[in-house]
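If you want the building blocks of each chain, they are given just below.
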Amino acid sequence: MPDTDPSAGLRLSLSLHRRIAEIPAAQWDLCAGGDNPFVSHAFLSALEDSGSVDARTGWLPQHAVLRTADGSVVAVAPMYAKSHSFGEYVFDQQWARAFEQAGGQYYPKLQVAVPFSPVPGPRLLLRADRRDDRPLARALVGALRQACGELGLSSTHVTFCEQGEYDLMGDEGWLRRLGVQYHWDNPGYASFDDFLDALASRKRKTLRRERRDANGCGLTFDVVRGPDITEDLWDHFYRFYLSTVDRKWGSAYLRRPFFSLLSQRLGARVVLMIARQDGTPVAGALNLMGRDTLYGRNWGCDRGDWPFLHFELCYYRAMDFAISHGLRRVEAGAQGEHKLQRGYRPCLTHSAHWIEHPGLRHAVAEFLEHERTAVLGEMEVLDAMTPYRTQS
């Protein structure tokens, strides 16, 4: 698909790829950068090579690549053709139902995202030496819109993108959507007690009690990183993952080989928190480490009667790790207002949506206008509920 932007003097070509293996890892990662592991060639290829992303799960790769006239890759985007709206965490099922009831066909659609991973990060990936090239970013946005039209699809959705991308796509006529997650910020604490000292007295006592109870139930805890995670330990963790999926009536998209590939391809950026009873793993929390952020992903346990184990393993141990490794943030995934009382602050998430059909586009635009007002109002309420001491 040719693409030109005469105002910027760019002549670019767009290609779509059904496997990320068709794009050399070095060229992809020169665009993706090293800050966020979820958009790396290693992570995305682990999803595909393990069979976690394929026709079975309804995520068909259509990775977008922009090249200059000499064939140089200057921009990429992780993109998928979707036959449903599962595994995205930005919910558009109501849009799909309304469009289909009116006689339209919503699926398939294009999704620029990281499958099964509600992790904010870059989605319009520009080559390192052109990262601030706004005309190139505009060209990529135009190419994504062009792909939607030429393939005859209903829409293209760019979810959990960065705010700068959100602003740019809004300027280019895309519809914009806000959401809320909970992230923990580390301003430079020297210890977990430093963090506790920043909380109101009653909240501080609650967290201390939770940690005391979790650590007093006969379990031992340790952190194991990529190269040191054995296949036996991954077997245990996969069992935990399946048990969580079963309890939540979800789908086990991730296949067992995916976790082994993570260790092999991301190395020490894979951080596994493990709880053991008499030396046997009984619970685990999987994290990935970026340049300055620890990202919590999956968790599970053998049974549910250990007090506050989820909070200890997924939140407090993640905070400890971030403090000891000088990371400035922990992002613990989607949903969960219970995180608020444990020091995680509400943060806005961003997505942008291109909808081809004028009628559906108008209806969604009206919906999003009201939703944004509600989300911003919710943020004000949540901000007032944080457990931190009021600064005088």
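Right above here is the structure, for reference.
Parameters at a glance
Residues numbered from 1 in each chain as written. Predicted model: local features only at pLDDT ≥ 70, side-chain atom pairs only at ≥ 80, totals over all residues. Heavy atoms only, no water. Helix = DSSP H or I, 4+ residues; strand = E, 2+ residues; numbered from the N terminus. Rg over C-alpha atoms; globule rule 2.2 N^0.38 Å. Buried < 20%, exposed > 50% of the residue type's maximum accessible area, 1.4 Å probe, protein only. Contact = heavy atoms within 4.5 Å. Areas by Shrake-Rupley, 256 points an atom, 1.4 Å probe, with all protein chains shown as cover. Lys, Arg positive; Asp, Glu negative; His and termini not counted. Charge placed at Lys NZ, Arg CZ, Asp CG, Glu CD. Core = buried A, V, L, I, M, F, W, Y, C linked by side-chain atoms within 4.5 Å. Pairing = 2+ DSSP bridges. Axes fitted to C-alpha atoms, helices over the stretch in contact; angles between N-to-C directions. Parallel < 35°, antiparallel > 145°, perpendicular 65-115°, else oblique. Left-handed = near helix turned anticlockwise from the far one by under 90°. Nonpolar A, V, L, I, M, F, W, Y, C, P; charged D, E, K, R; others polar. Expected span 1.5 Å × (residues − 1). Arc of directions from axis to C-beta.

Q: Lay out the overall build of the protein in plain terms, naming residues and giving numbers.
A: The secondary structure content of the protein amounts to eleven helices and 16 strands. Its C-alpha radius of gyration of 22 Å places the protein within 12% of the 21 Å reference for a compact globule of 392 residues. When its C-alpha atoms are laid out on the principal axes, the protein stretches across 65 × 50 × 45 Å. In the protein, which comprises 392 residues, the proportion classed as buried is 57%. A separation of at least 24 residues holds for 75% of the contacts in the protein among residues at least 6 apart in sequence. For the protein, the exposed area adds up to about 16,700 Å²; of that, 50% sits on carbon and sulfur atoms. Taken as two groups, the 46 positive and 48 negative side-chain charges of the protein have centres that lie 3 Å from each other.

Q: Explain the environment of alanine 318 residue by residue, including any values.
A: Locating alanine 318 in the fold gives a position in helix H10 (residues 309-324). Taking relative accessible area as the criterion, alanine 318 reaches 0% and is therefore assigned buried. Sequence separation between alanine 318 and valine 223 is 95 residues; the distance between their C-alpha atoms is 9.9 Å. Among residues more than four places away in sequence, those in contact with alanine 318 are Met273, Asn287, Leu294, Leu313, Val330 and Tyr344.

Q: Kindly report on the nonpolar core, identifying the contributing residues and their values.
A: Within the largest apolar cluster, 44 residues are counted, with the highest numbers of intra-cluster contacts made by Phe43 and Phe259. Those elements giving two or more residues to this core turn out to be helix H1 (25-32), helix H2 (41-49), strand S5 (73-77), helix H8 (231-247), helix H9 (256-266), strand S12 (270-277) and strand S13 (280-289). The contacts of phenylalanine 259, once residues within four sequence positions are left out, are Trp234, Phe237, Tyr238, Tyr241, Leu254, Leu286 and Asn298. Grouped together as the second largest cluster of nonpolar side chains are 40 residues, Phe192, Val271, Leu309 and Tyr316 included.

Q: Explain the sheet that holds strand S14 (residues 293-301) to me, and be specific about the residues and the numbers.
A: Pairing between sheet strands relies on hydrogen bonds along the backbone, with the strands arranged either parallel or antiparallel. Spatially, the eleven strands line up as an open sheet ordered S3-S6-S7-S9-S16-S10-S15-S14-S13-S12-S11, and their pairing is mixed. In this open sheet, the two edge strands, each paired with only one partner strand, are strand S3 (59-61) and strand S11 (220-225). Geometrically, the sheet is characterised by an average inter-axis angle of 30° between neighbouring strands, direction not taken into account. With six bridges connecting them, S11 and S12 associate as antiparallel partners. Across the sheet, residue phenylalanine 221 finds its bridge partner in S12, namely alanine 275.

Q: Explain the packing of H2 against H9 to me, using residue names and the numbers behind them.
A: With their axes 9 Å apart at the nearest point, H2 and H9 run at an angle of 150° to one another. Taken as axis vectors, H2 and H9 run roughly antiparallel relative to one another. Regarding H2 and H9, the two cross each other, and that crossing is right-handed. Touching Ala42, Phe43, Ser45, Ala46, Leu47 and Asp49 of H2 are Phe258, Leu261, Leu262, Arg265 and Leu266, all from H9. Its residues assigned to classes, the contact of H2 with H9 shows eight nonpolar, one polar and two charged.

Q: Which residues make up the pairing of strand S10 (residues 175-185), and what are the values?
A: Within S10, eight of the eleven residues are buried, leaving the element largely enclosed by the surrounding structure. In this structure, S10 lies alongside strand S16 (residues 345-355), joined through nine bridges in antiparallel fashion. Among the inter-strand pairings, leucine 178 is bridged to a residue of S16, identified as histidine 350. Bridge count between S10 and strand S15 (residues 329-331): three bridges; the pairing is antiparallel.

Q: For the environment of tyrosine 241, give the residues involved together with the corresponding values.
A: Considering the arrangement of structural elements, one finds tyrosine 241 in helix H8. Under the relative-accessibility criterion, tyrosine 241 is labelled buried at 6%. Between the C-alpha atom of tyrosine 241 and that of leucine 286, which follows or precedes it by 45 residues, the distance is 9.6 Å. Ignoring anything within four residues of it in the chain, the contact list for tyrosine 241 reads Ser251, Ala252, Tyr253, Leu254, Phe259 and Asn298.

Q: Run through helix H7 (residues 201-215), naming residues and quoting values.
A: Taking 1.5 Å per residue as the helical rise, H7 with its 15 residues ought to reach 21 Å, and the 21 Å between its terminal C-alpha atoms agrees with that figure. Of all the positions in H7, only Lys203, Arg204, Leu207, Glu210, Arg211 and Ala214 are classed as buried. One side of H7 holds all its buried residues, which, seen down the axis, span an arc of 130°. Residues of H7 that are exposed and point more than 90 degrees away from the buried face comprise Arg202, Lys205 and Arg212. In this fold, the buried residues of H7 make contact with helix H6 (192-197), S11 and H10.

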